[in-house]
Amino acid sequence: MKQLIILIGIVLIGVQTGFAQKKQIEKDTIQVAGICEQCKERIEDAAFSKGVKSAEWNKDTKNLVLVFDRNKTTLRTIETRIAKAGHDAGTVKALPADYQKLPSCCAYKTQQVGH
């Protein structure tokens, strides 16, 4: 009886593993507005959420390189999180209220020099 229970457990684990979703890891690049290292930290922090493996923003090119699992998040969701942090991201623009929360040194729309 004990062997039968163990055998059923092994079979169930095998079936569960067979139905698990395969990871769909994708790499994508989007333009994100910002001007300084403080912006970089804010942008990368906002990009990280469930399914995001890496997020690296370059302040010179304004490119954010993302590696993420399409089964857990979407590019649109990531862009929306960044816009909520005050930065225009891809096709999603930051709302004026979110942009105004940025420190004055990070006001990329007025083209101030970053710190």
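Now for a look at the structure at hand. What you are looking at is a predicted structure, and each value in this text was computed from that prediction instead of being measured.

## Re the pattern of salt bridges
Counted under the stated rule, the structure contains five salt bridges. One salt bridge in this structure joins Lys84 and Asp98, with 3.4 Å as the shortest N-O distance. With a gap of 14 residues between them, Lys84 in helix H3 (residues 75–84) and Asp98 in helix H4 (residues 96–99) connect regions that are remote in the sequence. When its relative accessible area of 55% is taken as the criterion, Lys84 is described as exposed. For Lys101, the salt bridge is made with Asp98, and the minimal N-O distance between the two is 3.8 Å. When its relative accessible area of 4% is taken as the criterion, Asp98 is described as buried.

## A short note on the sheet that holds strand S1 (residues 25–31)
The strands that make up a sheet pair up through hydrogen bonds in the backbone, lying either parallel or antiparallel. Ordered in space as S1-S3-S2, the three strands form an open sheet in which the pairing is antiparallel. The open sheet has two edge strands, S1 and strand S2 (52–57), and neither has a second partner. Sheet twist, expressed as the average angle between the axes of neighbouring strands with direction ignored, equals 15°. Pairing of S1 with strand S3 (residues 63–69) involves seven bridges; the strand directions are antiparallel.

Criteria and thresholds
Numbering of residues starts from 1 in every chain and runs along the sequence as written. Thresholds applied to this predicted model are a pLDDT of at least 70 for local features of residues and 80 or more for the giving and counting of side-chain atom pairs; totals over whole chains, interfaces and linings are not thresholded and use all residues. Each side-chain value is worked out from all heavy atoms of the structure, with water and hydrogens disregarded. Within this document, salt bridges are pairs made up of a side-chain nitrogen of Lys or Arg and a carboxyl oxygen of Asp or Glu, the two lying within 4 Å of each other. The secondary structure listing takes helices from DSSP runs of H or I that are at least 4 residues long and strands from runs of E that are at least 2 residues long, numbered from the N terminus. Residue burial is assigned from relative accessible area. The probe radius is 1.4 Å, only protein chains are included, and a residue is buried under 20% of its type maximum, exposed over 50%, and partly exposed in between. One requirement defines pairing of two strands: DSSP has to find at least two bridges between them. In this analysis, axes come from line fits to C-alpha atoms, helices being fitted only over the stretch in contact, and the angle between any two N-to-C directions falls in the range 0 to 180 degrees.

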